[in-house]
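# Coordinate analysis (summary)
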Amino acid sequence: MGVEIERKYLADRPDLEPTAPAGERILQGYVALGRKEVRLRCHGERYFLTVKEGSGLVRTELEVELSAEQFTELWPATDGARLEKTRTPVPLGPTTAYLDVYAGPLQGLRTVEVEFGSPAEAEAFEPPAWFGEEITGQDRYRNQALAVGGSSAR
């Protein structure tokens, strides 16, 4: 299993955001929730099944690409645990931030994530002025929580 090292922030300062190209729509649903989550994701024309375990800055992650047919077959299992967002990559020097603008019941919520190669890189990161409050490790802002009871995070 791979490792994901990520910090997450609210993006509640759109007036300070740099100009970025249009983002890509993501549909995401959860088959299993909890400390070990299993999610399906449609990102453009690509489909994935992802297993993540843990919480906070460092989590384990295993991702497998699916065919459109496999995704379609599995998607009904996510009923009641879904979200939709538009993801826009924003270059930040040597790394990239991913701005997520949520739709549907989460309309108005905006978050930004940055992935790192090591915990030391993550700890040394200085967020730009357009990032809001850091929400890394806050369970109510985990995508699985947003998918099942999301509006309480706003």
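We now turn to the structure provided with this report.

Conventions we followed
- Residues numbered from 1 in each chain as written.
- Predicted model: local features only at pLDDT ≥ 70, side-chain atom pairs only at ≥ 80, totals over all residues.
- Heavy atoms only, no water.
- Helix = DSSP H or I, 4+ residues; strand = E, 2+ residues; numbered from the N terminus.
- Rg over C-alpha atoms; globule rule 2.2 N^0.38 Å.
- Buried < 20%, exposed > 50% of the residue type's maximum accessible area, 1.4 Å probe, protein only.
- Contact = heavy atoms within 4.5 Å.
- Areas by Shrake-Rupley, 256 points an atom, 1.4 Å probe, with all protein chains shown as cover.
- Polar contact = N/O pair within 3.5 Å; in protein donor to acceptor, adjacent residues only side chain to side chain.
- Core = buried A, V, L, I, M, F, W, Y, C linked by side-chain atoms within 4.5 Å.
- Pairing = 2+ DSSP bridges.
- Axes fitted to C-alpha atoms, helices over the stretch in contact; angles between N-to-C directions.

This part covers the overall build of the protein. The secondary structure content of the protein amounts to 3 helices and 8 strands. Going from the N terminus to the C terminus, the protein shows its helices and strands as β-β-β-β-β-α-β-β-β-α-α. A compact globule built from 154 residues would reach a C-alpha radius of gyration of about 15 Å, and the protein, at 15 Å, matches this within 12%. Judged by the C-alpha coordinates and their principal axes, the protein covers about 40 × 30 × 30 Å. Classification of the 154 residues of the protein by burial places 42% in the buried group. Here the analysis covers contacts within the protein between residues at least 6 apart in sequence; of these, 58% occur between residues at least 24 apart. For the protein, the accessible area works out to roughly 8,000 Å², and carbon and sulfur atoms hold 51% of it.

Secondary-structure assignment places arginine 25 in strand S2 (residues 24-32). Remark: the alpha-carbon pair of arginine 25 and isoleucine 5, spanning 20 residues in sequence, is separated by 23 Å. Not counting residues up to four positions away in its chain, the partners in contact with arginine 25 are Cys42, His43, Gly44, Glu84, Lys85 and Thr86. Side chain to side chain, arginine 25 and glutamate 84 meet in a polar contact 2.8 Å long.

What follows deals with the nonpolar core. Membership of the largest hydrophobic core comes to 15 residues, with the highest contact counts inside it found for Leu92, Ala97, Val112, Val114, Phe125, Trp130 and Phe131. For this core, the elements supplying multiple residues, two or more each, are strand S1 (2-10), strand S6 (82-92), strand S7 (95-102) and strand S8 (110-115). Other than its neighbours up to four places away in sequence, phenylalanine 125 contacts Arg7, Tyr9, Leu92, Val114, Phe116 and Phe131. Core analysis: the next-biggest nonpolar cluster, separate from the first, contains 11 residues, Tyr30, Leu83, Tyr102 and Leu146 among them.

This part covers the sheet that holds S7. Read around the barrel, 8 strands follow the order S1-S5-S4-S3-S2-S6-S7-S8 and close on themselves; strand pairing throughout is antiparallel. The mean inter-strand angle of the sheet, taken between neighbouring strand axes irrespective of direction, is 35°. Of the pairings in the sheet, the one linking S2 to strand S3 (residues 36-43) comprises 6 bridges and is antiparallel in character. Each bridged residue has a counterpart across the sheet, and for leucine 27 the counterpart in S3 is cysteine 42.

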